[in-house]
Amino acid sequence: MSSADPAGRPGRTFGRPPADPQLPPPPLAELPGPPRRVRPSTIVIISLVVIMVASVVAIPYATPVVDRWLQQQRPPDRTVPHDPGPPVSTGSDDRGGPGVGDPYYPDYGSSGYNALKYTINLNWSPDDQVLSGTTRIDARSDQLLRSFYVDLVLPVTRVTVNDRPARFNREGIYDVRITPSQAIPAHTRFHLTVSYGGDPADYRNGNITPWLVTDDEVTAASEPEGSAWWYPANDHPSDPATYDVSVRVPAGLQAISNGRLVSKDSRNEPGFDTWHWATDRTMATYQSLLSIGRYEIKQGTANGRPYVYAVSEQLSAGERARAFANLELTPKIISDEEGIYGPYPYHEIGGLVPGHRLWYDGLETATRPVYAARDMTRGNAAGLLTHELAHMWFGDHVTLQEWDDIFISEAYASFTAWWHAEKTGGRSADDRLHKTYDAYANQPGFWQISMIDPGRDHLFDAVYLRGPMTLQALRRVIGDDAFFQLARRWAQRGGVHSLEDWMRMAETVSGKNLDHFFRAWLYGPTAPARTAANGLA
Ligand SMILES: [Zn+2]
């Protein structure tokens, strides 16, 4: 049930393809048992997994499979023991804390400031697998800062704040505390530069290793953590920023990131290419992407937007052709989605199909989603593209206040795939709602995970099905006009928001008191009753 093949290995041999998202839910007899507890955060990363699979079966059952796969990937001699990190704090009156206080990931992000822009300059040395360089963070302080933190696993060699050398101390695997020579006043702009380097594969947070290595291809693209393996950041979705990324690689390798490809060789240096990318619209840290490898690249303009599609040369020529055919669906799907959600929030479009055996089918890296080769080479992947591209509005443009707000991202992305199938002559969203409800009505574990507070261990377990079911039921309760007006207004709002914000907007736009509906679908520990008020009759 997972898109990951437990017996598989990274590389060219791709595992069993995920179940066809167009299929109805399996009969009850085929459903696995009750949800099993799985280890915390890796899953999260993984859980993206589900996207397509989720259209068919609930995800809780997929995660242990991925877990086992991860275990197989762990190089025993390089494992760093799990470090619980520094005591979590949201800081004090004059010091930033090592976390923003997320209920599920309290040590992720850093309090006391907001990042505005990351300017990342890196060098990749394939011989010793060392990624080194300097990142400048332009930021604004929320308070007086005698010290503050960034999230980075790689060793730091030098830090400056406002161009003056600053002290730095590693605290745990994830956090670096920075003490500027002069305190930063509250509510002012400042900048810091961090010089660092190391082999990202050497660093693990528990059993989490977002740095993928397959032959000469390396990639960082994962959720909820990944950026700390290649640049220092305030690593939490509540602090999106703009990016300027330059990566120097030996000629013959390509370095792919988000946004606009400014230059493939910005330094004009013999034997090396420096790939320069820029995004002028904000994205969250988990939506940033770096992949270095041998890629076939197609570049051009579609519907007035520059595109860059990249497919790993680890795939055969035939597989690459099929992957490109799927990537080339992107402009049409975006145009369809603009029809209901309003203008696309970025300037550039694209997609990346690496050669790694990914633990997910797709990830909404901004402007350039990452797609698993197994999905992109086995036929039409429109459902997967529709999901990831919908995230450009839901998740990327409107990003999460806290990780427990994941519903507002995954529910809309999954619903959009249902809606798109309906629009293009496939199954209706109503049919999916009722068949999925029938299949899970007597599966208490599926309903015990609340959408308002799914818990860190189950963050991605049920939302890929519960999310689109809830939205389709809401559509039936408030009608198409209000439903799509709500979706468009929410999508165009931009910024950092919570599930509670969305519920308030749903009531405002529909003019209805939706307490009963939300209690049944978002808060309840049991299946909503099959009533008209719940959108089920
Ligand atoms: Zn998604």
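Residues numbered from 1 in each chain as written. Predicted model: local features only at pLDDT ≥ 70, side-chain atom pairs only at ≥ 80, totals over all residues.

Digging into the overall build of the chain
What counts here: Per the convention used, a helix needs a DSSP run of H or I reaching at least four residues, while a strand needs a run of E reaching at least two, with both numbered from the N terminus. Exposure criterion: with C-beta atoms placed from backbone coordinates, a residue whose C-beta has 20 or more other C-beta atoms within 10 Å is buried, one with 12 or fewer is exposed, and one in between is partly exposed.
Within the chain one finds 13 helices and 22 strands. Going through the 537 residues of the chain one by one, you find that 54% of them count as buried.

Considerations on the sheet that holds strand E4 (residues 156-161)
Stated precisely, the cut-off is as follows: Any two strands with at least two DSSP-identified bridges between them are counted as paired.
With mixed pairing, 8 strands are arranged side by side in an open sheet as E5-E4-E8-E2-E1-E11-E14-E13. Looking at the sheet topology across the chains shown, the edges are occupied by strand E5 (164-165) and strand E13 (260-263). Two strands pair when backbone bridges link them, and strand E2 (residues 130-141) and strand E8 (residues 189-198) are joined in this way by 10 bridges, in the antiparallel orientation. Counted as the bridge partner of threonine 134 is serine 195 from E8.

Points about the pairing of E8
The sheet contact formed by E4 and E8 spans 5 bridges and is antiparallel. Looking at the pairing, threonine 160 lines up with threonine 193 of E8.

A short note on the nonpolar core
Let me state the cut-off plainly: Only buried residues count toward a nonpolar core: Ala, Val, Leu, Ile, Met, Phe, Trp, Tyr and Cys, linked into one set through C-beta atoms within 7 Å. These domain limits were set by an automatic method or by a database of domain assignments. Think of it this way: build a C-beta for each residue from its backbone, and any pair within 7 Å is a contact.
By size, the foremost hydrophobic cluster in this structure holds 141 residues, and its most contacted members are Ile178, Ile408 and Tyr412. Counting residues per element, this core draws most heavily on helix H11 (residues 463-493), at 14 residues. Residue contributions to this core reach at least three from each of two domains, namely domain 1 (28-75 + 398-523) and domain 2 (80-206 + 226-282). Sequence-distant contacts of tyrosine 412, that is, excluding residues within four places in its chain, are made with Ala390, Phe394, Leu471 and Ala487.

What to know about the packing of helix H7 (residues 382-390) against helix H8 (residues 407-423)
Selection criterion: For every element, the axis is a line fit to its C-alpha atoms; helices are fit only across the contacting stretch, and the angle between N-to-C directions ranges from 0 to 180 degrees. Small angles under 35 degrees read as roughly parallel and large ones over 145 as roughly antiparallel, with 65 to 115 read as roughly perpendicular and the rest as oblique. In a left-handed crossing the near helix is turned counterclockwise from the far helix by less than a right angle, and in a right-handed crossing that turn is clockwise.
Contact geometry of H7 with H8 gives a least axis separation of 8 Å together with a crossing angle of 135 degrees. Between H7 and H8, the interaxial angle falls into the category oblique. Remark: the crossing between H7 and H8 carries right-handed chirality. Here H7 contributes Gly383, Thr386, His387 and Ala390 to the contact with H8, which in turn contributes Tyr412, Ala413, Ser414, Thr416, Ala417, His420 and Ala421.

Observations concerning the packing of H11 against helix H13 (residues 515-523)
Where H11 meets H13, the axes come as close as 11 Å, and the angle between the chain directions of the two elements is 165 degrees. Taken together, H11 and H13 sit at an angle that is classed as roughly antiparallel. Viewed along their axes, H11 and H13 form a crossing whose handedness is right-handed. Between H11 and H13, the residues in contact are Thr470, Ala473, Leu474 and Val477 and Phe517, Trp521 and Leu522, respectively.

Let's talk about helix H4 (residues 317-327)
Where we set the bar: As used here, the arc is the angular range of directions from the helix axis to the C-beta atoms.
Among the residues of H4, Glu319, Arg320, Arg322, Ala323, Asn326 and Leu327 are the ones counted as buried. Looking down the long axis of H4, one finds its buried residues gathered within 165 degrees of arc, a one-sided arrangement. Summarising the geometry of H4, the exposed residues directed more than 90 degrees from the buried face are Ala317 and Gly318. Buried residues belonging to H4 abut strand E16 (295-302), strand E17 (305-312), helix H5 (330-341), strand E18 (349-353), helix H6 (373-376) and H7.

Re the sheet that holds strand E9 (residues 211-214)
The 4 strands are arranged E9-E10-E15-E12 in an open sheet whose pairing can be described as antiparallel. Two strands close off the open sheet at either side, each with one partner strand: E9 and strand E12 (254-256). Between one strand and the next, the sheet's axes are offset by a mean angle of 10 degrees, whatever the strand orientation. Pairing analysis gives 3 bridges linking strand E10 (residues 217-220) to strand E15 (residues 290-293), with the strands arranged antiparallel. Bridge pairing in E15 places valine 218 opposite isoleucine 292.

Considering unusual backbone geometry
If a residue is not glycine, its phi is most likely negative; likewise, a peptide bond is most likely trans. In the segment running from glutamate 223 into proline 224, the intervening peptide bond is cis, with an omega of 5 degrees. Tracing the sequence through the fold places proline 224 in the loop between E10 and strand E11 (241-250). A positive phi angle is found at glutamine 129, which is not glycine, with a value near 60 degrees. Here the phi dihedral of aspartate 215 falls at roughly 55 degrees; this positive angle occurs in a residue that is not glycine. C-beta crowding within 10 Å serves as the criterion here: with 14 such atoms nearby, aspartate 215 is assigned to the partly exposed category.

Some remarks on the confidence of the model for the chain
Note the following rule: A residue's pLDDT is the predictor's confidence in that residue, given on a scale from 0 to 100.
Averaged over every residue, the pLDDT of the chain is 86; residues scoring 70 or more account for 83%. Note on residues 1-87: pLDDT under 50 across the span, and 185 contacts to partners over four residues away in sequence or across chains.

Structural notes on the environment of tyrosine 341
Positionally, tyrosine 341 belongs in helix H5. Residue tyrosine 341 is classed as buried on the basis of its C-beta count, with 24 C-beta atoms lying within 10 Å. When sequence neighbours within four positions are dropped, the list of residues in contact with tyrosine 341 reads Trp393, Ala487, Arg488 and Ala491.

Here we look at the environment of arginine 456
Its location among the elements puts arginine 456 in the loop between helix H10 (444-448) and H11. Taking the C-beta count within 10 Å as the criterion, arginine 456 has 17 such neighbours and is therefore assigned partly exposed.

Describing the environment of histidine 497
Counting through the fold element by element, histidine 497 comes out in strand E22 (residues 495-497). When the 19 C-beta atoms within 10 Å are taken as the criterion, histidine 497 is described as partly exposed. Separated by 89 residues in the primary sequence, histidine 497 and isoleucine 408 place their C-alpha atoms 8.8 Å from one another. Excluding residues that lie within four positions of it along the chain, histidine 497 makes contacts with Val398, Gln401, Ile408 and Trp502.

Observations concerning the pairing of E16
Both E16 and E17 contribute to a ladder of 8 bridges, which runs antiparallel. Paired with tyrosine 295 across the bridge in E17 is serine 312. Remark: 2 residues form the turn of the hairpin made by E16 and E17, two consecutive strands paired antiparallel; asparagine 303 in that turn has positive phi of roughly 50 degrees.

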